[in-house]
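# Descriptive analysis of the structure
Listed below are the residues making up each chain.
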Amino acid sequence: MPSLDKPDPPPPASIQWRIPPVHPDGRRFLVAAAALALFCWWVIDWDTLGWFVAFIGLGIAAFFRDPVRTTPLRKGLIVSPADGTVTMISTVVPPRELLEDGSLDPEPVVRISIYMSLFDAHIIRSPIEGTVKKLAYVAGKTVNPELDKGSEDNERQHLLVEGTDGTRIAFTQIAGLIGRRIVCWVKEGEKVVAGQRVGIIRFGSRTDVYLPAGTGSQALLGQRTIAGETILARTGVSELLEGVAQ
């Protein structure tokens, strides 16, 4: 008797580009901008201000865009949690908030810092599959997030994910100079998959990734990263890649 199980459909041979939707977290800002623009055009008859507000609305839509990402699935891969530019690769001790209860060892590890401009999508994604072991929020100042001290002075949200193999990856959402607001959508104990949306930082920011001990960066200074897609490192691979800006 033939099997009734149907074979899995083959992967698509091509895909069409589509306009990224606006994430629900930003829709109220977009609606407010649209309402204000209509008020300027139809009620007070101030076209110049109306077009200015409409332009701001387009910026809000771009900022809160939530594109679909294709995440590579292979054991040991650490993907970028954020869109942006790699501005620093350094060896540092992990944040003290993740050392207090032994969540991470107080040994220096490689930190990859990704700067997110106003033109980048600001949805933050999990770099690996695993369980959220710890969340630590710290209120802070408004230091330029491109500076190294931004990781210690600014408002920030630490997330620690433990992979299925026991590997622990910490990454930090750091607020910027404008509109300090960090939103986290996951809770401690929650399971996540690589590339899953876990939060958002509003209006300019930075994301730091703390690699496991013995793991080097596969990203390059100045490289553009795509959240959920760009491979930052492979666990246990300590060799650093070299590149050239051109």
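Here is a short report on the structure shown in this document. Computed from a prediction, not measured in an experiment: that's the story for all the values here.

### Quick word on the environment of valine 53
Following the sequence through the fold, valine 53 ends up in helix α2 (residues 47-63). Along the chain, valine 53 and alanine 34 lie 19 residues apart, while their C-alpha atoms are 7.7 Å from each other. Those residues in contact with valine 53, other than ones at most four positions away along the chain, are Ala33, Leu36 and Ala37.

### Examining the pairing of strand β11 (residues 205-210)
On any regular strand, side chains alternate: one points to one face of the sheet, the next to the other face. Counting buried positions over the 6 residues of β11 gives 6, a clear majority of the element. Looking at chain direction, strand β3 (residues 109-116) and β11 are connected through 6 bridges and run antiparallel. Its bridge partner being in β11, arginine 111 is matched across the sheet by tyrosine 210. For strand β7 (residues 168-175) and β11, the ladder comprises 6 bridges, and the chain directions are antiparallel. Note that in β11 the partner of alanine 175 across the bridge is serine 205.

### Considering the side chain of threonine 167
By the element assignment, threonine 167 lies in the loop between β6 (156-163) and β7. Once you skip the residues sitting within four places of it in the chain, threonine 167 turns out to touch Ile128, Val161, Glu162, Pro212 and Thr235.

### So, the sheet that holds strand β4 (residues 123-125)
Spatially, 3 strands are ordered β4-β10-β8 in an open sheet, and the strand pairing comes out antiparallel. Unpaired on one side and paired on the other, β4 and β8 (182-184) mark the two borders of the sheet. Averaged over neighbouring strand pairs, the angle between their axes works out to 25° when direction is ignored. As judged from the 3 bridges shared by β4 and strand β10 (residues 197-201), these two strands associate in the antiparallel manner. Across the sheet, residue isoleucine 123 finds its bridge partner in β10, namely isoleucine 200.

### Describing the pattern of salt bridges
In this structure the tally under the stated criterion is 9 salt bridges. The salt bridge involving arginine 206 is made with aspartate 208; its shortest N-O contact spans 2.9 Å. Residue classification places aspartate 208 among the buried positions, given a relative accessible area of 0%. Via salt bridges that share partners, Asp66, Arg125 and Arg197 belong to a single interconnected network.

### What about the packing of helix α1 (residues 24-43) against α2?
Where α1 contacts α2, the axes come no closer than 8 Å and their chain directions differ by 165°. Viewed along their axes, α1 and α2 adopt a mutual orientation that is roughly antiparallel. Considering only the axes of α1 and α2, their crossing is left-handed. Each of Gly26, Phe29, Leu30, Ala33, Leu36, Ala37, Cys40 and Trp41 in α1 lies in contact with α2, whose residues at this interface are Asp47, Leu49, Gly50, Trp51, Val53, Ala54, Gly57, Ile60 and Ala61. Looking at the contact of α1 with α2, its residues break down into 13 nonpolar, 3 polar and 1 charged.

### Regarding the nonpolar core
Nonpolar side chains in soluble globular proteins tend to end up buried together. Counting residues in each nonpolar core, the largest one holds 25 residues, and the members touching the most others are Ile112, Ile124, Phe171, Val198 and Leu211. Listing elements by their share of this core, those giving two or more residues are β3, β6, β7, β10 and β13 (231-234). For this core, the element with the highest residue contribution is β3, accounting for 4 residues. Every residue in contact with isoleucine 112, bar those within four places of it in the chain, is listed here: Val86, Met88, Thr207, Asp208, Val209, Leu211, Ser217 and Leu232. Counting 10 residues, the second largest nonpolar core, distinct from the first, contains Val22, Phe63, Ile123 and Val183.

About the thresholds
Residues numbered from 1 in each chain as written. Predicted model: local features only at pLDDT ≥ 70, side-chain atom pairs only at ≥ 80, totals over all residues. Heavy atoms only, no water. Helix = DSSP H or I, 4+ residues; strand = E, 2+ residues; numbered from the N terminus. Contact = heavy atoms within 4.5 Å. Buried < 20%, exposed > 50% of the residue type's maximum accessible area, 1.4 Å probe, protein only. Pairing = 2+ DSSP bridges. Axes fitted to C-alpha atoms, helices over the stretch in contact; angles between N-to-C directions. Salt bridge = Lys/Arg side-chain N within 4 Å of Asp/Glu carboxyl O. Parallel < 35°, antiparallel > 145°, perpendicular 65-115°, else oblique. Left-handed = near helix turned anticlockwise from the far one by under 90°. Nonpolar A, V, L, I, M, F, W, Y, C, P; charged D, E, K, R; others polar. Core = buried A, V, L, I, M, F, W, Y, C linked by side-chain atoms within 4.5 Å.

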